[in-house]
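If you want the building blocks of each chain, they are given just below.
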Amino acid sequence: MAPAAAHRTASVDGAVPEADTAVYEAVFNAAVAADERIEPRDWMPDAYRSTLVRQIAQHAHSEIIGMQPEANWISRAPSLRRKAILMAKVQDEAGHGLYLYSAVETLGVSREELLDKLHTGRQKYSSIFNYPTLTWADVGAIGWLVDGAAITNQVPLCRCSYGPYARAMVRVCKEESFHQRQGYELLLALSQGTPEQHAMAQDAVDRWWWPSLMMFGPPDDESAHSAQSMAWKIKRHSNDELRQRFIDICVPQAKSLNLTLPDPDLRWNEERGHYDFGPIDWAEFREVIKGNGPCNEQRISQRRKAHDEGAWVREAAAAYAAKHNGATGAAVEPSADTADMNGKA
Ligand code: BYC
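Definitions and limits used
- Residues numbered from 1 in each chain as written.
- Predicted model: local features only at pLDDT ≥ 70, side-chain atom pairs only at ≥ 80, totals over all residues.
- Heavy atoms only, no water.
- Near = heavy atom within 4 Å.
- Areas by Shrake-Rupley, 256 points an atom, 1.4 Å probe, with all protein chains shown as cover.
- Helix = DSSP H or I, 4+ residues; strand = E, 2+ residues; numbered from the N terminus.
- Nonpolar A, V, L, I, M, F, W, Y, C, P; charged D, E, K, R; others polar.
- Phe/Tyr/Trp six-rings, centres within 6.5 Å; stacked < 30°, edge-to-face > 60°.
- Buried < 20%, exposed > 50% of the residue type's maximum accessible area, 1.4 Å probe, protein only.
- Axes fitted to C-alpha atoms, helices over the stretch in contact; angles between N-to-C directions.
- Parallel < 35°, antiparallel > 145°, perpendicular 65-115°, else oblique.
- Left-handed = near helix turned anticlockwise from the far one by under 90°.
- Contact = heavy atoms within 4.5 Å.
- Salt bridge = Lys/Arg side-chain N within 4 Å of Asp/Glu carboxyl O.
- Polar contact = N/O pair within 3.5 Å; in protein donor to acceptor, adjacent residues only side chain to side chain.

Within an unreviewed UniProt entry, the label attached to the protein reads 1,2-phenylacetyl-CoA epoxidase subunit A, and the organism entered is Streptomyces macrolidinus.

**Details of the site of the ligand**
For the ligand, the set of nearby residues contains 35 residues, the closest of which are Gln58, Lys124, Ser223, His225 and Lys235. For the ligand, the accessible surface in isolation is 1100 Å², of which the surrounding protein chains cover 91%. Elements represented by at least two residues in the shell around the ligand include exactly α3 (46–65), α7 (137–154), α8 (163–191) and α12 (282–292). Within the shell around the ligand, the residues separate by chemical class into 13 nonpolar, 14 polar and eight charged.

**So, the packing of aromatic side chains**
On inspection of all chains with the given rule, the structure shows 10 aromatic pairs. An angle of 45° between the planes, with centres 6.2 Å apart, marks the rings of Tyr24 and Trp43 as tilted. With Tyr24 in helix α2 (residues 21–33) and Trp43 in the loop between α2 and α3, the pair connects residues that are 19 residues apart, well separated along the chain. Among the residues examined, Tyr24 registers a relative accessible area of 9% and is labelled buried.

**Things to note about the packing of α7 against helix α9 (residues 195–214)**
Relative to each other, α7 and α9 sit at 30°, their axes nearing to 8 Å. One element, α7, and the other, α9, form an angle in the roughly parallel class. As for how α7 packs across α9, the hand of that crossing is right-handed. Contact residues: Ala137, Asp138, Ala141, Ile142, Trp144, Leu145, Val146 and Ala149 in α7; Met200, Ala201, Ala204, Val205, Arg207, Trp208, Trp209 and Ser212 in α9. Residues that form the contact of α7 with α9 fall into these classes: 13 nonpolar, one polar and two charged.

**Describing unusual backbone geometry**
For Asp35, which is not glycine, the phi dihedral falls at a positive 65°. Along the chain, Asp35 turns up in the loop between α2 and α3. Exposure remark for Asp35: the relative accessible area of 47% places this residue in the partly exposed category. Non-glycine residue Asn258 carries a positive phi angle of around 60°.

**Observations regarding the pattern of salt bridges**
For the coordinates displayed, the defined rule picks out 19 salt bridges. For Glu185, the salt bridge is made with Arg82, and the minimal N-O distance between the two is 2.9 Å. A residue pair is termed long-range when its members are at least 10 positions apart, and Glu185 in helix α8 and Arg82 in helix α5 (residues 80–105) qualify at 103 residues. Residue classification places Arg82 among the buried positions, given a relative accessible area of 10%. One network of salt bridges, with partners in common, ties together Glu70, Lys89, Glu93 and Asp147.

**Observations regarding the side chain of Ser161**
Relative to the assigned elements, Ser161 resides in the loop between α7 and α8. For Ser161, the side chain forms a polar contact with the main-chain oxygen of Trp232, separated by 2.7 Å. Beyond its immediate sequence surroundings of up to four residues, Ser161 is in contact with Glu36, Arg37, Ile38, Tyr48, Trp232, Lys233 and Ile234.

**Describing the environment of Arg111**
In this fold, Arg111 is placed in helix α6 (residues 111–119). Its relative accessible area of 23% is what places Arg111 among the partly exposed residues. The spatial distance from the C-alpha of Arg111 to the C-alpha of Tyr101 is 6.5 Å, given a sequence separation of 10 residues. Dropping the residues within four chain positions of it, Arg111 is found in contact with Leu98, Tyr101, Ser102 and Glu105.

**Points about the side chain of Gln244**
Position of Gln244 relative to the elements: it lies in helix α11 (residues 239–256). Exposure remark for Gln244: the relative accessible area of 10% places this residue in the buried category. Side-chain polar atoms of Gln244 contact the side chain of Arg272, separated by 3.1 Å. At 2.8 Å, the side chain of Gln244 forms a polar contact with the backbone oxygen of Tyr275.

**A closer look at the packing of α7 against α11**
Here α7 crosses α11 at 140°, and the two axes come no closer than 10 Å. By the angle class used here, α7 and α11 are oblique. α11 is crossed by α7, and the crossing has right-handed handedness. Between α7 and α11, the residues in contact are Trp144, Leu145, Gly148, Ala149, Thr152 and Asn153 and Leu242, Arg245, Phe246, Ile249, Cys250, Gln253 and Ala254, respectively. In terms of residue class, the contact of α7 with α11 is built from eight nonpolar, four polar and one charged.

Next up, the structure:
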């Protein structure tokens, strides 16, 4: 067997003979350089693993915390059609959380541990979800701007070097694309409606614009993890590159919506081939990620409550799984009383 293939896969517990570590590392680096995917059973440096756990966990937490601001409007959606669309969107976010928690589990961390870290503030979630949804137009602004920013950030993650994360991103991006369009369409309807509706849409965009730009993370010269994550091809572009790409996409879309963006410095720069934009309030960003945003406390206490109230579902699912798998994990025949639930006669 060629050295590359022989030194790609670690033993089941991830251990390799110490003397071989340098060889395994060289094989890992060569695989990353060749744009090959790293898979769960492959040897990987501890720091690569912990960087992935940090980023994917933060991403998963963002998806499930992100359900809250929009779920706030399900009961007050202005029509049955809007309610059905919003419910589907919020359910999609729960699904994204599940794909992403599964991706982190392939790195050897249990879901219980991840949720505990979220609930105790030891892992972060996106700053954007600490802002309140004050009017119905906020649902549109979140779809257009927040999901739009998410797509801009996540499309390159479909090419992330870690296989399970990259594959989860493919489906997430398809669904985010629908979310972004529903937000745009909702804002367009408001913008073309009564003067009050137009004003409501404008107010929502004014409030969500700057926090959406902060979603991409701190400026490159303050981004602690970007250089290493890009070298490992976890991230394919820097925070500032993606932020600029998003701004360039949004400016013409805002014009088509007949809405303005709340930045007097926004103007096309012929030389750069990009829009220039005004300063971002990084002090606000730092406060929000420290836990002092408008809704941080509310989001975490709501999450803990949902988790506690869901305990009986987890217990029932575990009991059901144990009944079918047996204590050893071996497959057992379903008993008569649950056979119908398996679709077996
Ligand atoms: N919010 O070195 P940096 C969604 C932290 S869900 C909070 O640049 P990195 C949606 C960062 O963690 C959208 N914290 O970090 C859901 C680090 O702190 P630690 C979520 C942030 O990882 C429902 C420190 O700042 N998307 O779209 O290289 C409904 C230094 O940052 C933020 C993802 O999670 C922030 N905005 O780059 C609708 C995408 N930014 O960990 C929509 C995946 C930075 O050292 N994640 N920090 O304590 C990424 O692409 C990258 O993690 C980031 C940050 C670009 C976000």
